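Understanding the architecture of this molecule
The lines below spell out each chain.
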Amino acid sequence: MIIKENIKPTDMLSYPTRIALIAALGGFLFGFETAVISGAEKTIEQLWQLSSFWQGFTVASSLIGTVLGSVVAGIPAQKFGRKKTLMAIAILYLISAMGCTVSTIWILFVTFRFIGGIAVGASSVVGPMYISEISPAKQRGRLAGSFQLNVVAGIFIALLTNFLFKDIGENSWRWMLGVMVMPAGIFAILLRTIPESPRWLVLNNRDDEAEAVFARTGEHDAIKLIREEHELSKHGTKENLFNGKYRKPILFAVLLAMFNQLSGINAIFYYAPRIFELAGFDKSSAYLQPVYLGAANLVFTLLAMSVIDRFGRKKLLLIGSVGMILFLALTGNAINTTLAGNSFLVIYLIGFIAFFAFSQGAVVWVFISEIFPNSVRSQGGSLGSFTHWIMAATISWIFPSIAQVVSIKNIHTGVVYAFYGFAVMMLVHLIFVWKFLPETKGKSLEDIQKFLGIG
């Protein structure tokens, strides 16, 4: 027998917000882990005397881990639950931070970076999945977007601590990487206070527990949903994502994840100090300018979160595409013709970051977590994340080699062509969103499935 709690409407709003924000701390660690290497990568290159190929591999080692993490995360999330999987992710973050801090051998450093990458890849699947499953439809865009907000907050803090620690000695890079121990520990502690996903509970025949959580999150159709899901689960059939039924959501998830990285966002954040040094900035300025990029990323993600449920996912993507095309092209032109420390380069990159954060940055994880039904959501989230991280690893690995390409006229030829290439990819992205991508704002997860013809 379930005892109904006397819950005020304001409590219903605050409860899903609180548990969503706790789960979204995995996004903070995600952002920190991926961006912090930008402050250490040149020192690591000199410390272990790495070629551009192996330097790219060292930076990309974390991203290679994300590929594995994104592939395997759906399995424990489906079998053991979202909450337990998030706890395991927090432990991996702790191991990675401590290991990278004390490593004196290159292969050990790469190994601990790889472990951190597994945590990042798993976070990118399980975090948005959990948040979307505990969020009421009217709040889901904003709450699922809190994961991305935490990602950009983590990026900003990583870039800021890189700047603050850059002059504290030859081991400054260890401090940059080791500070992640603190938020990882806090994440692990707070996770103990959140409930399991009610939709996962339903699929595992734990209806009473699910109903109690639904009552607190304010899902008014919880009873009906529980019964429908319970009947489906009784059949005992486990759906395969690639059975032909889910062609549309698979296509949308894969392409959106690909375009997210073909914008060049990770290459810019991972190699920001190097890019600014190539453009003529001194060391201090080369570490300071990325902080401005991180701040713009944070501010415009906040702006996107405030309007995503009103404007919708598709409109944000269209606006962002136009802005990114413009500022990527301007950045390439600025590097092509730059004088030492050209301030326009900073302005153009801030413009690109602002439009990215307002669109793709805010939308990608929200959209992917919405378009797959409960029975294959973990598989669909893993697919989208896998695609995202394969692209991120590839671009981050080859970017140092591309940056070394020169011509008779310009020593920055490789970087220039890279930015022009990113601009072209965003033009293709604009056409894809405009012509094919559906809108999901204001729809329940179940209504979205019906809209896509897979209900």
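The paragraphs below set out a description of the structure included in this document. All values derive from a computational prediction rather than experimental measurement. (Residues numbered from 1 in each chain as written. Predicted model: local features only at pLDDT ≥ 70, side-chain atom pairs only at ≥ 80, totals over all residues. Heavy atoms only, no water.)

All right, on to the environment of T337 then. Mapping T337 onto the fold places it in helix α17 (residues 313–337). Considered as a pair, T337 and V416 are 79 residues apart in the sequence and their alpha carbons are 9.7 Å apart. (Helix = DSSP H or I, 4+ residues; strand = E, 2+ residues; numbered from the N terminus.)

With a phi close to 50°, Q49 is a non-glycine residue in the positive phi region. If you trace the backbone, Q49 turns up in the loop between α2 (37–47) and α3 (52–72). Taking relative accessible area as the criterion, Q49 reaches 73% and is therefore assigned exposed. (Buried < 20%, exposed > 50% of the residue type's maximum accessible area, 1.4 Å probe, protein only.)

Between helix α5 (residues 82–102) and helix α9 (residues 181–190), whose axes approach to 9 Å, the crossing angle comes to 160°. Regarding the angle of α5 to α9, the classification is roughly antiparallel. Note that α5 runs across α9; the crossing there is left-handed. Contacts between α5 and α9 involve L86, M87, A90, Y93, L94, A97 and M98 from the first element and V181, A184, G185, F187 and A188 from the second. (Axes fitted to C-alpha atoms, helices over the stretch in contact; angles between N-to-C directions. Parallel < 35°, antiparallel > 145°, perpendicular 65-115°, else oblique. Left-handed = near helix turned anticlockwise from the far one by under 90°. Contact = heavy atoms within 4.5 Å.)

Looking at the secondary structure, you find I265 in helix α14 (residues 265–270). C-alpha separation for the pair I265 and F352, spaced 87 residues apart in sequence, amounts to 9.0 Å. Leave out the neighbours within four places in its chain, and I265 touches N260, F352, I353 and F356.

Turning our eyes to something else, we now look at helix α19 (residues 377–403). Since the α-helix advances by 3.6 residues per turn, residues separated by three or four positions end up pointing in the same direction. Across its 27 residues, α19 extends 39 Å between first and last C-alpha, which sits within 8% of the 39 Å expected from 1.5 Å per residue. Its axis deflected by about 25° at W397, α19 carries its strongest bend there, up to four residues before the proline P400. (Expected span 1.5 Å × (residues − 1). Bend = angle between axes of the 7 residues up to and from the residue.)

Another aspect to go through is the packing of α17 against helix α20 (residues 413–436). How two helices sit against one another is set out by the angle between their axes and by the gap between those axes. Between α17 and α20, the shortest axis-to-axis distance is 8 Å and the interhelical angle comes to 165°. Taken together, α17 and α20 sit at an angle that is classed as roughly antiparallel. Here α17 and α20 pass one another in a crossing that is left-handed. Of the residues belonging to the contact of α17 with α20, the class tally is 19 nonpolar, six polar and one charged. (Nonpolar A, V, L, I, M, F, W, Y, C, P; charged D, E, K, R; others polar.)

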